[in-house]
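Take a look at the letters that make up each chain.
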Amino acid sequence: MTLDINTIVEILSGFCLLIGSFLCISGGVGILRFPDFYTRMHAVGVTDTLAAGMILVGLMLQNPDALVVIKLLMILVMTLFINPTASHALAKAAFHNGLMPVLDDTEILNSKERNKTTDNDLEPK
Amino acid sequence: MIGLLIDITLLTLLVGVAIAIARMKDLFAVAMLAGIYGLLTASFFVAMDAVDVAFTEAAVGAGISTLLMFVVITMTGRSEDPVRHKPLLALLVVTITGSLLIFGTLDMPYFGAPDAPIHTHVAPRYINDSMQEVGVINLVTAVLASYRAFDTFGEVVVVFTAGIGVLALLSVARRREDDAVIELVNDSMHEQHLILRIVTKMLIPFILLFALYVQFHGDFGPGGGFQAGVIFASAIFLYALLFGLSTARRVINQSIIRLVAAVGILLYGCVGVVSMLNGGSFLDYNVLSSDPIAGQHLGILLIEWGVGCTVASVMVIIFFNFAGRQEDNQKAQNEEDIDANRAL
Amino acid sequence: MLIAATLAVLVAMILAIIRGIVGPTLYDRILAVNMFGTKTVLLLSLLGFVMGRPEFLDIAIVYALINFISVVGVLRYSGTFELKQPSAESKEE
């Protein structure tokens, strides 16, 4: 059985889009379900960049138009620069301002009550 | 099918976010949700094919207005005042007005109906004849910059007036030693944000270049003077946010930027006056060149350029004066801290 | 496949908004806004392809930029930008 090049590109593109979609949803579940800020940050920071990359690559394979590919490439490069930088700045600011990670199982159980007060504790003077 | 699903999801999210904004007390969270609201609105505009509006909403609603709200919140305080009065009367008024408005929509034609009044007067002419009369591919630019150039002139004047208003209300005379103190604060801040600074330095040229692309690509795709001006200004905001206002003030000379704001609107007006001198009516570009289409192109290029200059510089003026106020407050607080430390 | 990806991005947007509304800390909200912005960029790119109008990509580029600017802005003005030294370091001294 022979596959022509178009089918291969189509399959590759679908594969990339599928992985991107999976990562998107897993990041979304992660940001909702994880117990404290740093684990949520981990879920989002890791999946977001790769999901964006995968979906953009998948779109690039769909369209042979040079200008469209260049624009997608620009978005990809910017995402690769911006997302990790923003995550880094955010995590750094959170840690330096005294938001502590939840380290214990019992704390996770109490985290609902505990987290309610954190917003006021962190309020700048 | 997929379009309908996207519309429903986006509108549901819009309502959800709006309710959350109304119920929340922490103003920082409210400002952030307002940013999300802007993004959602713009996505919805895209789904409705209104690309140029989405462009503006993305740059202004989600970007700059959120930023200005943050600056204001730092000056006014972070939590909402408790409500003391009973909201029943207001609720009653809102309910009555809302139901009247909904009742009014019953008379309106269906969305996209071909016999709706909006589709029967000037729209057919714009759609059918603009290619021959103006020769610009992007219909929105043709309407905005040529058919309704006088309206757009009014809008630019409004933007300019806003800039003047901010200058009159918020600008403070600066002394040199003020800048020195602020610079000290900023320097200590810079040391801690090396990565952000480097990435920002790499991004700013791209943002400026992209703004120019949007400015000159407005004839062919979504874009134009308003959007380009806002994007250009946001690059300067980014610089000021990370490198401090006093550094940014040295790069962007404040008196020059005020001049540019005035020159932009003057350019727009002058195009109109020149077309009158050439024997046409105000802002009638056909007479600007021997060939009407070339005249239209020249006129649109010039007024978009004027719009871009005015919008960019007015945005910069507004941001610098807002943030300058905030920085003065911060400096006063720092001096108090230093005094307190000395006393200890 | 495009449609499936669009739906996935929409679901992720909904989840991010829920986290943004629930909170509880300021940083969770910033994180949610950041994620929402990235997902909007993806949604716009996908919409451009679904609706056959690739010029939507210009708007996606603007979103990517604006997203970064608003995250920097929120960090700068939430009073958390000038970092206090973490307590661990002061103990060592």
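What this report covers is the structure whose coordinates are included nearby. If you're wondering where the values come from, they're calculated on a predicted model, not measured in any experiment.

Topic: the overall build of chain B
If you tally the helices and strands in chain B, you get 13 helices and 0 strands. Taken from the N to the C terminus, the helices and strands of chain B come in the order α-α-α-α-α-α-α-α-α-α-α-α-α. Each principal axis of the C-alpha distribution contributes one length, and for chain B these read about 80 × 55 × 35 Å. Buried positions account for 45% of the 344 residues belonging to chain B. Pairs at least 24 residues apart make up 71% of the contacts formed inside chain B by residues separated by at least 6 positions. Accessible area for chain B stands at about 17800 Å²; split by element, carbon and sulfur atoms hold 69% of it. Side-chain charges in chain B split into 18 positive and 29 negative, and the spacing between the mean points of these groups amounts to 12 Å.

Thoughts on the packing of helix H3 (residues 51–76) of chain B against helix H13 (residues 292–343) of chain B
Residues and elements named next belong to chain B. Look at H3 against H13: their axes get within 9 Å of each other, and the N-to-C directions meet at 25°. Between H3 and H13, the crossing angle belongs to the class labelled roughly parallel. Like other packed secondary-structure pairs, H3 and H13 cross with a definite hand, here left-handed. In contact with Ile64, Leu67, Leu68, Val71, Val72, Thr74 and Met75 of H3, H13 contributes Met315, Ile318, Phe319, Phe322, Ala323, Arg325, Gln326 and Asn329.

Regarding the side chain of C:Thr6
Note that C:Thr6 resides in helix H1 (residues 2–22). A polar atom in the side chain of C:Thr6 sits 2.7 Å from the backbone oxygen of C:Leu2.

Some remarks on helix H3 (residues 57–77) of chain C
Over its 21 residues, H3(C) runs 30 Å from end to end, which matches the ideal 30 Å to within 8%, given 1.5 Å per residue. Within H3(C), 21 of the 21 residues are buried, which leaves it mostly tucked inside the rest of the structure.

Rules used in this analysis
Residues numbered from 1 in each chain as written. Chains lettered and ligands numbered in written order. Predicted model: local features only at pLDDT ≥ 70, side-chain atom pairs only at ≥ 80, totals over all residues. Heavy atoms only, no water. Helix = DSSP H or I, 4+ residues; strand = E, 2+ residues; numbered from the N terminus. Buried < 20%, exposed > 50% of the residue type's maximum accessible area, 1.4 Å probe, protein only. Contact = heavy atoms within 4.5 Å. Areas by Shrake-Rupley, 256 points an atom, 1.4 Å probe, with all protein chains shown as cover. Lys, Arg positive; Asp, Glu negative; His and termini not counted. Charge placed at Lys NZ, Arg CZ, Asp CG, Glu CD. Axes fitted to C-alpha atoms, helices over the stretch in contact; angles between N-to-C directions. Parallel < 35°, antiparallel > 145°, perpendicular 65-115°, else oblique. Left-handed = near helix turned anticlockwise from the far one by under 90°. Polar contact = N/O pair within 3.5 Å; in protein donor to acceptor, adjacent residues only side chain to side chain. Expected span 1.5 Å × (residues − 1).

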